[in-house]
Amino acid sequence: MEKETIALHGGYDKKFGYGTMSVPIYQSTAYAFRDSEHAANLFALKELGPIYSRLTNPTNDILEARFAELEGGAAAIAVASGQSAIFYAIANVAQAGDNIIISDKIYGGSVTLLTHTIKRFGINAKVFKSEDASNLEELIDDNTKAIFFESLSNPQIAIADVEKITQIAKKNGVLTICDNTVASAALFNPIKWGIDVVVHSISKYTNGQGSAIGGIIVERDGLNEFFKTSQRYSHFNTPDESYHGLVYTDVPLPNFTLRVRLALLRDIGASLPAFSSWLFIQGLETLSIRMDKHSSNALEVARFLEAHPKVKSVNYPRLESHSGYEKAQKYFKDGKASGLISFDVDNYQEAKNIIDSVKLFSVVVNIGDSKSLITHPASTTHSQMSAKELEAIGINPTTIRLSIGLEDTKDLIADLSKALG
Ligand SMILES: *Cc1c(COP(=O)(O)O)cnc(C)c1O
């Protein structure tokens, strides 16, 4: 089925319950067992069904099934935030003494999580250049457990060389994890390019209205076979003491998300509330048409900025002048490049003045809302960094970032035009 259809119908069978057209919200902590045997069977995975909402919830089941189908994956698991999705995806494969390889162009929260917080768990991160993967292979060793990158990065708007990353990872038997938040499941599907695991902050474009925080992890089909014989991931093919000796690869369910659920959600518990899940399902219904509109609006605004005398440079991969243009054409649906744009003006003060002068754009440290947003990273989200550190991650004191919404571009351009003076 096509994505627009999956986004409306995937994972929900109206034959059950009352046939509600809107997916039901199962606002329940626990679920009654038929009898003690039923309970025992559920715990032993002989039968599948809800036990307790920290582990599974019927509304979340629908979101997970729909999202997995949209991304072309075998299964998905929804969690409480994009950050917890990334943490679980890493913690599912790496432990103290291991290392991971992460892209040089990723979200600020991922930088702190993956370089500082998990370091305290004994997991070290090495950094590779995801735009060309030129230094990736030399960083891989026997203890490397994951390669993590963003397909379209926030805030640098850089596009990863997905094909090359996949090729190097497969050759070396290392798992790939792609954060697909900014491109969205509507414009790009990493699994179709051979990526093993996809994560999203569904707080952004999936939700679309800035109304809830959530995350999701999707795994590709066939990971079970990969784990079955892998030395590197032997905790999948040897008994898990914490689950009375369960061997994950003996279970005929997608193993990666199964282990996140049975071990990590069980013990760490960042589960997604059913009501939030319902909001994300509402969001998915219109994801494709919104991403088309975000992308066409952003292109119009980018073209306006490119022609403006006060704008020094514009960073938007759908502009022919952009270094990522070819990759956007290759990977993204019709070359559409989502709603993030950044641009540079002459100096710091001018950048601040523009932020203070816009009326329609909200000054917000978020992306992917239906309303247009503006940020000045150097004076807000990245204000603790030195000029040198900022330069290293591609943020100048003169950079302004826009998340283009669904308004009429005439109004957006008029607002920017006035603010630019
Ligand atoms: C926002 C964001 C995250 C973190 O997600 P939360 O839902 O805010 O926890 C991770 N990755 C990217 C690319 C993001 O934009």
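Cut-offs applied
- The residue numbering used here restarts from 1 in each chain and proceeds along that chain's sequence as written.
- Confidence filtering applies because this is a predicted model: local features only for residues at pLDDT of at least 70, side-chain atom pairs given and counted only at 80 or more, and all residues used for totals across whole chains, interfaces and linings.
- Only heavy atoms go into the side-chain values, all of them from the structure, while hydrogens and water stay out.
- Buriedness for pockets is judged along seven lines, at least five of which must meet protein on both sides within 12 Å for an open set on the 1 Å grid over protein atoms alone, while cavities are sets there where a 1.4 Å probe fits but cannot get out, and lining residues have an atom within 4 Å of a point.
- Grid points are joined across faces, edges and corners, and a volume is the space filled by probe spheres set on the points.
- Secondary structure counts use DSSP, requiring at least four H or I residues in a row for a helix and at least two E residues in a row for a strand, with both numbered from the N terminus.
- Gly is placed with the polar residues, together with every amino acid not listed as nonpolar (Ala, Val, Leu, Ile, Met, Phe, Trp, Tyr, Cys and Pro) or charged (Asp, Glu, Lys and Arg).
- By convention in these notes, a salt bridge is any Lys or Arg side-chain nitrogen within 4 Å of a carboxyl oxygen on Asp or Glu.
- Burial status follows relative accessibility: with a 1.4 Å probe on protein chains alone, a residue under 20% of its type maximum counts as buried, one over 50% as exposed, and anything between as partly exposed.
- For two strands to pair, DSSP has to find at least two bridges joining them.
- A fitted line through C-alpha atoms represents every axis, and for helices the fit uses only the stretch in contact; the resulting angles, taken between N-to-C directions, go from 0 to 180 degrees.
- Any pair of nitrogen or oxygen atoms within 3.5 Å is treated as a polar contact; in protein, a donor-acceptor pairing is required on top of that, and neighbouring residues in sequence qualify only through side-chain atoms on both sides.
- Whether two residues are in contact is decided by their heavy atoms, any of which lying within 4.5 Å being enough.
- Two helices that cross are described as forming a left-handed crossing if the nearer one is turned anticlockwise from the farther one by less than a right angle, and a right-handed crossing if clockwise.
- Place the viewer so that the strands point away; then a crossover is right-handed whenever the path from the first strand over the helix to the second strand goes clockwise.

A. Region of the structure containing empty space enclosed by the protein. Applying the stated criterion to the full structure yields 1 cavity of 30 Å³ or more. Approximately 50 Å³ is the volume found for the largest cavity. Leu55, Thr56, Asn60, Glu64 and Arg261 are the residues nearest the centre of the largest cavity, which is lined by 13 residues in total. Those elements that place two or more of their residues in the lining of the largest cavity are α3 (58–71) and α9 (255–267). Ranked by residues supplied to the lining of the largest cavity, first place goes to α3 with 3 residues. Of the residues belonging to the lining of the largest cavity, the class tally is 4 nonpolar, 5 polar and 4 charged.

B. Spotlight on the pattern of salt bridges. Considering all chains together, one arrives at 17 salt bridges under this definition. Taking the shortest distance from any N to any O, the salt bridge between glutamate 131 and lysine 105 comes out at 2.7 Å. Residue glutamate 131 is found in the loop between β3 (124–128) and β4 (144–150), and its partner lysine 105 is found in the loop between β2 (99–103) and α5 (108–117); the two are separated by 26 residues along the sequence. The partly exposed category is assigned to glutamate 131, whose relative accessible area is 30%. Here lysine 330 ties to glutamate 163 by a salt bridge, and the two come within 2.6 Å at their closest N and O atoms. Linking lysine 330 in helix α12 (residues 325–331) with glutamate 163 in helix α6 (residues 162–172), this pair joins segments that are 167 residues apart in sequence. We classify lysine 330 as partly exposed; its relative accessible area is 40%. For glutamate 163, a relative accessible area of 41% gives the class partly exposed. Members of the salt-bridge network, linked through shared partners, are Asp292, Lys333, Asp334 and Lys336.

C. Representation of the layout of surface pockets in the model. Each pocket or cavity is described by its volume, and for the largest pocket that value is around 750 Å³. Lining the largest pocket are 25 residues, with Leu48, Thr56, Leu253, Leu258 and Arg261 positioned closest to its centre. The set of elements that each furnish at least two residues to the lining of the largest pocket consists of α2 (36–43), α3, β1 (75–79) and α9. Element by element, the count of residues in the lining of the largest pocket is highest for α9, at 5 residues. Taken together, the residues of the lining of the largest pocket sort by class into 17 nonpolar, 3 polar and 5 charged.

D. The arrangement of the sheet that holds β1 in detail. Strand order in the open sheet formed by 7 strands is β1-β7-β6-β5-β4-β2-β3, and the pairing between neighbours is mixed. Each edge of the open sheet carries a strand with a single partner, namely β1 and β3. Each neighbouring strand pair of the sheet contributes to a mean axis angle of 20°, computed without reference to strand direction. When β2 meets β4, the two strands line up parallel, connected through 4 bridges. Each bridged residue has a counterpart across the sheet, and for asparagine 99 the counterpart in β4 is threonine 144.

E. Quick peek at the side chain of threonine 399. Position of threonine 399 among the secondary structure elements: in strand β12 (residues 399–403). Residue threonine 399 is classed as buried on the basis of its relative accessible area, which comes to 6%. Among the polar contacts listed, one links the side chain of threonine 399 to the side chain of aspartate 344, at a separation of 3.0 Å. Setting aside residues no more than four positions away along its own chain, threonine 399 makes contact with Ser342, Phe343, Asp344, His376 and Pro377.

F. Seen up close, the packing of helix α4 (residues 82–91) against α5. Contact pair α4 / α5: the axes reach a minimum separation of 10 Å and the direction vectors enclose 35°. Helix-helix and strand crossings are classified by hand; for α4 and α5 the assignment is right-handed. Across the interface between the two elements, Gln83, Ile86, Phe87 and Ile90 from α4 touch Gly109, Ser110, Leu113 and Leu114 from α5. Considering only residue class, the contact of α4 with α5 consists of 5 nonpolar, 3 polar and no charged.

G. Region of interest: the sheet that holds β12. The 5 strands are arranged β8-β9-β12-β11-β10 in an open sheet whose pairing can be described as mixed. Each end of this open sheet is capped by a strand with a single partner; those strands are β8 (313–315) and β10 (362–363). Bridge count between β8 and strand β9 (residues 340–344): 3 bridges; the pairing is antiparallel. Note that in β9 the partner of serine 313 across the bridge is aspartate 344. Packing of helix α11 (residues 287–306) onto the sheet brings it into contact with β8, β9 and β12, and relative to β9 it is tilted by some 10°. Here helix α13 (residues 348–357) sits on the sheet in contact with β10, β11 (373–375) and β12, set at roughly 30° to β12.

H. Representation of the environment of alanine 298. By the secondary structure assignment, alanine 298 is in helix α11. By relative accessible area, alanine 298 is classed as buried at 0%. With 240 residues separating them along the chain, alanine 298 and proline 58 place their C-alpha atoms 37 Å apart. Residues within four places of alanine 298 in sequence aside, it is in contact with Tyr316, Ser338, Gly339, Ile341 and Ile404.

I. Quick peek at the pairing of strand β5 (residues 176–179). Side chains Thr176 and Cys178 of β5 all project onto a buried face; the interleaved residues Ile177 and Asp179 project onto the opposite face, where all are buried too. Sheet analysis places β4 next to β5, joined by 4 bridges and oriented parallel. Note that in β5 the partner of glutamate 150 across the bridge is aspartate 179. The β-α-β motif built from β4, the intervening α6 and the parallel element β5 has right-handed crossover chirality. Pairing geometry for β5 and strand β6 (residues 197–201), over 3 bridges, is parallel. Among the inter-strand pairings, aspartate 179 is bridged to a residue of β6, identified as valine 199.

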